Amino acid sequence: MYGISRLIIATLAIVGMIVVVLVYGAAESARMARFDANFAGRQVEAGALIFYEACASCHGANGEGLVGPALNAADLLISAEGETRPPRLLQKNWAGDLRSYLEGAITYGRPGTVMVAWGQSAGGPYRPDQVHAVASFIMNWGVDPGKKWGGAPERTALGGVTPVDVPVASLGEPPARDVRSAALGRYLFEGPLGCDTCHVFNGHGANVGPNLDDVVARMGRDYVYQSIINPNFFASAGHAPGAMPETFEFNLTDIEIESIIDYLETPAGVPSFETPAAEVETGPLGPENGQQLAQANGCVACHSIDGSVVIGPSWKGLWGSERQFEGGGSAIADADYLRNSILDPASQLVAGFQNLMPATYANTLTTAQIEDIISYIETLK
Amino acid sequence: MSLIQDIQGRGLRGFVADKADQTFTRVTAGIPWRDFRGMLRGDDPPRPNPRLKPHSESFWLHIKPSYYHESVTRFTHTFRLGLLSTYLFVIEIITGLLLMIWYAPTPERAYSDMVRLLSNVPMGQLMRDVHRLAAEAMVIVVVLHMFRTYLTGSYKKPRQFTWLTGVVLLAATLFLSFSGYLLPWDQLAFWAVTIGTSMAEASPTPPGAGPIGELLIGQSDWVGTAVNLLLRGSPDIGASGLLRFYLLHVFFLPLLVIVFFFVHYYKVVHFGISLPAKEEEVGQDSANRVPADRRRYYLMDIAIDEIVFLSVVTFILMAMCAFFYDAKLENIANPLKTPLHTTAPWYFFWLQGLLKVGDKVLWGLFIPAVFVGLITLVPYLDYNPSRRGKDRRVALGLGFLVASAIIVLSFMGLPLYAVESPPAEEVVQEFMPEEGVGPVREVPWAELVPGIYRTDTFEGSVPLSEFEHVFLEFKERIERDPGLQGGVGSITVEPAQPGLKRIRFQIDYFDFEGAPAQFIKDFYLHENSLYWHDFQF
């Protein structure tokens, strides 16, 4: 005999293997369904990273629409009863479904507007799977369209260490586009064109493409001009050609290109496009302007206007009340107190709150704008 | 004699029984039913032994020897590692052919084909897991096989050439595994292969060969560039690189393995498996002269041994893949973004470790080339006729030294000893890696309660929630790090969309020069991503 135990082991192993495959196979359809949901979820995650890098500056951190149209909107995401497509697609006579509409718009852009082509097939920076992920992210608002979510957070200071770079400024009124100016250049660079999603200039932007500090001084204006309209003509060492969109030649006027070069020529510390000299001259415009500024600068993300405490103290009933400070002391909330708190949030910290407010408004707001916000707070007493 | 006469002569019953036995004998390649029954029962073979017939009649059995020396059939003599690596290769071919049905080797399709395989093909994931695990196991088994051969001195005369073909098979196994790495076209694949092929780029140009390069590609330092170009098909890995690796993986390298396997195995059978050293005179080779009383026949004795062994191996492999092991699929390859801690496959860690020792050409190319050359030529360099341990102290010492050196170098090749990123980035990578899971993603989605969690003001609830446990680790990790002086970290969890949360890591600290620095990184987590299910793909 060969030893019956050997045969028993072999039989057990083969039977065991069949059982394993059967048990595994029985759960297969559930596993595949889970994988589908799982993969869709990760598409949304990947899309979110791209959206906040490249899209939020024009379409809003909540997709509420700024320069670009609203994306977190029922008319884009929800089909009416008995319709096959959402109203906005019907209005544009779009024959495909919502995903193809979004992916088409992202890939090819909207010619004649600042929405450039983002898909690689049209000369943009993103691969088809990335465009797909962004569309998944936008469609994820469809569960509850129009609702306000967290939005894009500002950089905050922790533990008394100041943030190294300034928060990305939100878009204000765009400068005139037919007058050549460094301010227009900066507006285009950081705003609708999103150059800063790939290029660092003056310590701001993402380090994907070449750093543009001193680029004009080093290479000359002609080189920069050529590189904007024909990005692959000179490929910078260490950077893959083909990553930068080739659409700027068609989307930008000469004045706009020259303005961008003017901006790249300026040393650090150019005034933000939000505070061109002309605006500093105008006096305060009143509480209505203050309300808009409070929205645009994200004040209301932390300071409610209905008395509830979100992250900072509510503005409701703030005016004229007595404020107790962390570490003792108190003051009446008047214009001087508010001005001081906007410019130097840490100096008179109200008891019970942490110092989470950016200390950057001295740089990003004009005196007149601060007065407008104060007058807006006064109307909420 | 006609059929009718035949039936009349023996009777119908005898005729049918005869015909049945003839058919049976044809199927078993020469063993009649009576002998087959005795064979299964384990009876001693009659003389002449009918069980030897299949070894001359059938193709597959003629490859196998009809009997072995009793002493070499003990499991601990060879651990059956050669059989095991052959078997794993067969598993690779079967699962590989199945996987090829759902795969197209283009950058546009490769990754989505993987996703389709995992989401839409029943048993697709199991096939992929088996293919991957068996491949990694094959690397280990082939290396152990070689190490065993070295320790028992079996490479000595007359088996030098067997060893040499074995080294070719080892190299082919490594490159088979490596070329398969790229095919899923995910971040892991893309960057591991980018690193692997850029090692080839260090190949130096021999002195005097410069002018050839000037002529060919207009560059005097040309060998590295040419090798790289040959492998990748273009300066960077793209469509042509993927196609080349695919063809290497499914065609060229398997063919090479099959050809060299038959040469290797022919030599093994021809010379026989070497006897334990103590049963042989020094300098003798008596493996092929097996006394009749020490023979163990392949049919059915050894065959049953092998069937039992391979059944158990298959069961373990299937059970591992079904319940414990998942071949990972990372995010789609992104040539513009190198993930932190990119490494070569683990079996090339020793090469990465060598590269960290010093110069790329000397340590990355010259030393490994000398090492591989020495290993290949071991049987021709080792003049010691004895295979006994006590006579081979130097050879065995060297063997263990090289083995430990490779293990140490592999440790040095780990990402742990990689070029460190700034400390804050490392901390975030530990808790929420760019690829893979990490502790924060393992926290159930519902337990990531929105809020700002700061290390300086953190007071956990009692008992600590799963997230708070992780946060406490995060806090201790920051406080421990000498590179994060006065470091304060925060994790902000907030809803970003329906079913989507933003996890923002922020670390403010003073760097080594005392200047304030800040590191911020955002992640998004979707409810359906189910990382905490340990559901990786």
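From a predicted model like this one, the values you see are computed outputs, not experimental measurements.

### Structural notes on the overall build of chain B
The secondary structure content of chain B amounts to 20 helices and 6 strands. Taken against the 2.2 N^0.38 rule, which gives 24 Å for 537 residues, the C-alpha radius of gyration of chain B at 30 Å runs more than 25% over that of a compact globule. Its C-alpha atoms give chain B principal-axis dimensions of roughly 105 × 65 × 50 Å. The buried share of chain B, taken over its 537 residues, is 50%.

### A closer look at the overall build of chain A
Helices and strands together make up the secondary structure of chain A, namely 16 helices and 2 strands. Within chain A, contacts between residues separated by at least 24 positions form 54% of all contacts whose residues are at least 6 apart in sequence.

### Points about a nonpolar patch on the surface
Residue and element names in this part refer to chain B. A surface patch of nonpolar side chains, about 790 Å² in accessible area, is lined by Phe161, Leu362, Phe366, Ile367, Val370, Leu374, Leu377, Tyr380 and Leu381. Looking at the nonpolar patch element by element, the count peaks at 8 residues for helix H16 (residues 360-381). Considering the arrangement of structural elements, one finds tyrosine 380 in helix H16. Assessed through its relative accessible area of 38%, tyrosine 380 is described here as partly exposed.

### So, the packing of helix H2 (residues 28-59) of chain A against helix H7 (residues 110-120) of chain B
H7(B) packs onto H2(A) with a crossing angle of 140° between their chain directions and a minimal axis gap of 7 Å. Classified by the angle their axes make, H2(A) and H7(B) are oblique. Taken together, the residues of H7(B) that come into contact with H2(A) (itself represented by A:Arg31, A:Met32, A:Phe35, A:Asp36 and A:Phe39) are B:Tyr111, B:Val115, B:Leu118, B:Ser119 and B:Asn120. Partitioned by chemical class, the residues of the contact of H2(A) with H7(B) number 6 nonpolar, 2 polar and 2 charged.

### Some words on the interface of chain B and chain A
The interface is formed by 68 residues belonging to chain B together with 58 residues belonging to chain A. At the boundary of chain B with chain A, total buried surface from both sides reaches about 5,600 Å², with 64% on carbon and sulfur atoms. For the pair chain B and chain A, the interface holds 2 salt bridges. Across the pair B:Asp301 and A:Arg6 runs a salt bridge, and its minimum N-O distance is 3.4 Å. Scanning the region where chain B abuts chain A turns up 13 residue pairs in polar contact (both at pLDDT 80 or more). Elements represented by at least two residues in the side of chain B that touches chain A include exactly helix H2 (33-41), H7, helix H8 (124-151), helix H14 (298-324), strand S3 (451-454), strand S4 (485-497), strand S5 (500-510) and strand S6 (516-526) of chain B. No other element matches the 13 residues that H14(B) contributes to the side of chain B that touches chain A. In terms of residue class, the side of chain B that touches chain A is made up of 39 nonpolar, 17 polar and 12 charged.

### Notes on helix H5 (residues 98-108) of chain A
All names here are of chain A. The buried fraction of H5 amounts to 8 of the 11 residues, a majority that puts the element mostly inside the structure. If you check which residues of H5 are buried, you get Leu98, Tyr101, Leu102, Glu103, Gly104, Ala105, Ile106 and Thr107. On its buried face, H5 is in contact with helix H3 (74-77), helix H4 (87-91) and helix H6 (128-139).

### Points about the domain arrangement of chain B
Domains assigned within chain B are domain 1 (3-67), domain 2 (74-287 + 308-337 + 358-382) and domain 3 (423-533). On a C-alpha basis, the centroid separation for the pair domain 1 of chain B and domain 3 of chain B is 73 Å.

### Notes on the packing of H2(A) against H6(A)
Residue and element names in this part refer to chain A. Running from amino to carboxyl end, H2 crosses H6 at an angle of 95°, the nearest separation of the two axes being 7 Å. One finds that H2 runs roughly perpendicular with respect to H6. Where H2 abuts H6, its residues Gln43, Val44, Ala46, Gly47, Ala48, Ile50, Phe51, Tyr52 and Cys55 lie against Asp129, Gln130, His132, Ala133, Val134, Ser136 and Phe137. Residues belonging to the contact of H2 with H6 are distributed by class as follows: 10 nonpolar, 5 polar and 1 charged.

### Describing unusual backbone geometry
Residue and element names in this part refer to chain B. Cis geometry is found at the peptide bond from arginine 47 to proline 48, where omega equals -5°. When you line up the elements, proline 48 lands in the loop between H2 and helix H3 (53-57). Here lysine 157 and proline 158 are connected by a cis peptide whose omega angle stands at 5°. Counting through the fold element by element, proline 158 comes out in the loop between H8 and helix H9 (160-182). Phi at arginine 80 is positive, roughly 50°, even though this residue is not glycine. In this fold, arginine 80 is placed in the loop between helix H5 (75-78) and helix H6 (81-100). Judged by relative accessible area, arginine 80 falls into the buried class, the value being 13%.

### Description of the confidence of the model for chain A
Residues and elements named next belong to chain A. Per-residue pLDDT for chain A averages 80, and the proportion of residues at 70 or more is 86%. For residues 163-171, every residue scores under 50 in pLDDT, and the model assigns this stretch 22 contacts once sequence neighbours within four places are set aside. A low-confidence stretch, residues 269-281 (pLDDT under 50), is modelled with 22 contacts involving residues beyond four sequence positions or located in other chains.

### So, helix H13 (residues 239-271) of chain B
Residues and elements named next belong to chain B. Given a rise of 1.5 Å per residue, 33 residues ought to cover 48 Å, and the 46 Å separating the end C-alpha atoms of H13 matches this to within 8%. Considering bend angle alone, the principal kink of H13 is centred on leucine 248 and spans about 45°. Positive backbone phi, approximately 75°, marks glycine 272, located one or two places after H13.

Cut-offs applied
Residues numbered from 1 in each chain as written. Chains lettered and ligands numbered in written order. Predicted model: local features only at pLDDT ≥ 70, side-chain atom pairs only at ≥ 80, totals over all residues. Heavy atoms only, no water. Helix = DSSP H or I, 4+ residues; strand = E, 2+ residues; numbered from the N terminus. Rg over C-alpha atoms; globule rule 2.2 N^0.38 Å. Buried < 20%, exposed > 50% of the residue type's maximum accessible area, 1.4 Å probe, protein only. Contact = heavy atoms within 4.5 Å. Patch = residues over 30% accessible without salt bridge, like charges linked within 9 Å, V, L, I, M, F, W, Y side chains within 5 Å. Areas by Shrake-Rupley, 256 points an atom, 1.4 Å probe, with all protein chains shown as cover. Salt bridge = Lys/Arg side-chain N within 4 Å of Asp/Glu carboxyl O. Axes fitted to C-alpha atoms, helices over the stretch in contact; angles between N-to-C directions. Parallel < 35°, antiparallel > 145°, perpendicular 65-115°, else oblique. Nonpolar A, V, L, I, M, F, W, Y, C, P; charged D, E, K, R; others polar. Buried area = accessible area lost by both parts, 1.4 Å probe. Polar contact = N/O pair within 3.5 Å; in protein donor to acceptor, adjacent residues only side chain to side chain. Domains from an automatic or database assignment. pLDDT = per-residue confidence, 0-100. Expected span 1.5 Å × (residues − 1). Bend = angle between axes of the 7 residues up to and from the residue.

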